[in-house]
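A closer look at the structure
Listed below are the residues making up each chain.
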Amino acid sequence: MKRRRASDPAGQSMIFSAGVFVSAPPALSMSRPVLELEQLRLRYPGNDHWTLNGLDLTLEAGETLALVGSSGCGKSTVARAVLQLLPPGSRCEGRLQLTGSDPRELDRAALRHLRGQAAGLVFQDPMTRLNPLMPIGSHLIDTLQAHRPESSARWRRQRAEELLERVGIGTGRIRAYPHELSGGMRQRLAIALAIALEPPLLIADEPTTSLDVAVAGQVMAELSGLCKELGSALLLISHDLAMAARWCERMAMLDGGRKVDDGPSRQLLREPRSDVGQRLVASARGREGGRSPKRPDRETVLQVEEMRCWHAIGVMPWAPVWLKAVEGVSFNLRAGETLGVVGASGCGKSTLCRALMGLNSIRGGRVDLLGQDLLKLRGEKLRSARRALQMVFQDPLACLNPALPVVDAIADPLLIHGIATKASARERARGLLERVGLSPVEQFQHRLPRQLSGGQQQRVAIARALALEPKVVICDESVSMLDAEVQAEVLSLLRDLQHQLGLAMIFVTHDLAVASGFCHRVIVLDKGRIVEEGPGDRLFEAPQAPISRLLVEACPRLPR
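A brief report on the enclosed structure follows.

Cut-offs applied
Residues numbered from 1 in each chain as written. Predicted model: local features only at pLDDT ≥ 70, side-chain atom pairs only at ≥ 80, totals over all residues. Heavy atoms only, no water. Core = buried A, V, L, I, M, F, W, Y, C linked by side-chain atoms within 4.5 Å. Buried < 20%, exposed > 50% of the residue type's maximum accessible area, 1.4 Å probe, protein only. Helix = DSSP H or I, 4+ residues; strand = E, 2+ residues; numbered from the N terminus. Lys, Arg positive; Asp, Glu negative; His and termini not counted. Salt bridge = Lys/Arg side-chain N within 4 Å of Asp/Glu carboxyl O. Contact = heavy atoms within 4.5 Å. Pairing = 2+ DSSP bridges. Axes fitted to C-alpha atoms, helices over the stretch in contact; angles between N-to-C directions. Phe/Tyr/Trp six-rings, centres within 6.5 Å; stacked < 30°, edge-to-face > 60°. Lys NZ or Arg CZ within 6 Å of the ring centre and 35° of its normal.

**Things to note about the nonpolar core**
Ranked by internal contacts, the top residues of the largest apolar core, which has 58 residues, are Val 460, Ile 462, Leu 494 and Phe 507. Leu 144, Ala 160, Met 243 and Met 253 belong to the second-largest nonpolar core, a separate cluster that totals 53 residues.

Written out as structure tokens, the structure is:
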């Protein structure tokens, strides 16, 4: 759709679209930095410490800046402060200028206008920000109507179609619902919503955490290209140093709510000056191209043979079309062994995990756990057998009861299976908290999940998975949402627990760099089938299958 600007007799900017002129807000001045923060301090209600404590940051028009740091350093709080997406009672001091305006001084209507108009925000998980009952086209049309109430319905529809085309979704999906899109497509929709009003600043808060490296690269290329096309500045908040350096020319490191490093990305990662920068870079380098540990020579605890998991799709149940999510997968797993499962989005990784856990139906094959074929068991026998197979999910906060103290969350499986009293279950839970490194236990046992850091939440999830003393633990992207330091800590914890308890692990990840150093063996899935298998370091250095090569090529690496 062609658009051109004109002015009405009073000098107001107009957009010519769909055969009519519609008014647009006055242009924002770009003679000064897009974003200016000076000695910014922010404290959340109920906290006795400053999450941001004297932060200085400037972002020029068209500049790309990556904001990195350890968990809890204040990265995401910067985005919330800039757009004033803060809980009531928060205290925000210092200088804050977004395109020449202080959002704190605006009334609610003006602040709503500034959001989207001056800055677009791409969230980490778009599914939590989208209305599941609304088609994706309506999301865009509603946004345009809220900020361009004087525009015609025809223009809003055409603009929505144009945005979908620009982010690579296409107008054919305009009536689709969010759940009908893949993770990468939903993130592209989030980008379309963020650029709908062509703001001078785009803030992307961990936009690729839940995506495989190939899709993440596509999404970041789209985001970066659109910023250049629009002349918008990009503020990328990320824990992935290699990815941040790949897409941003400048990098700033935060620690304790303050900026401790700032400079060209590649130079900063080659020679970090601050202690936290040196630690983060060392942790990130430690996971790149590691050598796979030797496979243990122990008994087989899990044998999967020709497993098939199909999903019926279509609108005619008497003549279904089958999506073969997992088709003829076979592998074995020994006690004390870690098997990596990698692949692009939609390859069948999560379906495989859910099928093993009994959350997806299995259409055929054999799943032998400790000598018992799970597909032939029923009732209490199946329930009892499945105790030996437990799972650690990607997002611990989403799988823990937000109203339950962590000691009770860990004790809960014991009570569900009726194998312990409440007192003995809580005692076992306290022992597990100690085992996963959350000590002294008295400081953690009564906390709610949201009162813990991301790494601490994942330790609680691991403790809960160990409560039933399993022989096999499935880790489904269990470190992908963590920064490099915390990721290294959790991987070290899993390795220690494996040695102590003789655990067998299935480690699902989209990151071959992590798999190469952590897993004894790796299988690569594509369209529900195993296309390559072997030691992770060999797959990382000399991939054979096309999808393996694609994943390795897309995997960002730190500059040397």
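**Describing the side chain of Lys 349**
Here Lys 349 is to be found in helix α10 (residues 349-356). Look at Lys 349: it is buried, it has no salt bridge, and the nearest opposite charge is Glu 477 at 4.8 Å. Those residues in contact with Lys 349 that lie beyond four places of it in its chain are Val 341, Val 342, Gly 343, Ala 344, Glu 477, Val 508, Thr 509 and Leu 525.

**Comments concerning the sheet that holds strand β15 (residues 338-342)**
Pairing within the open sheet is mixed, and its six strands lie in the order β18-β19-β20-β15-β21-β22. Of all the strands in the sheet, just β18 (389-392) and β22 (529-534) have a single pairing partner and so form its edges. Taking each pair of neighbouring strands and ignoring which way they run, the sheet shows an average axis angle of 20°. Looking at chain direction, strand β21 (residues 521-526) and β22 are connected through five bridges and run antiparallel. Pairing of Ile 523 across the sheet is with Glu 533, part of β22. Each of β18 and β19 (472-476) is contacted by helix α15 (residues 454-466), which is oriented at about 170° to β18, the strand it contacts most.

**Points about the packing of aromatic side chains**
Describing an aromatic ring pair means giving the distance of the ring centres and the angle of the ring planes. All told, the structure shown has two aromatic pairs when counted by the stated rule. For the pair Trp 310 and Trp 322, a centre-to-centre distance of 5.9 Å together with 55° between the ring planes defines the contact as tilted. With Trp 310 in strand β13 (residues 300-313) and Trp 322 in strand β14 (residues 321-334), the pair connects residues that are twelve residues apart, well separated along the chain. Ring geometry for Phe 507 versus Phe 518: centroids 4.8 Å apart, planes at 55°, classification tilted. On the criterion of sequence distance, the pair formed by Phe 507 in strand β20 (residues 504-508) and Phe 518 in helix α17 (residues 512-518) is long-range, its members being eleven residues apart. Residues Phe 507 and Phe 518 agree in their burial class; the two are buried. Over the ring of Phe 518 we find Arg 495; its NZ or CZ atom is 4.6 Å from the centre of that ring.

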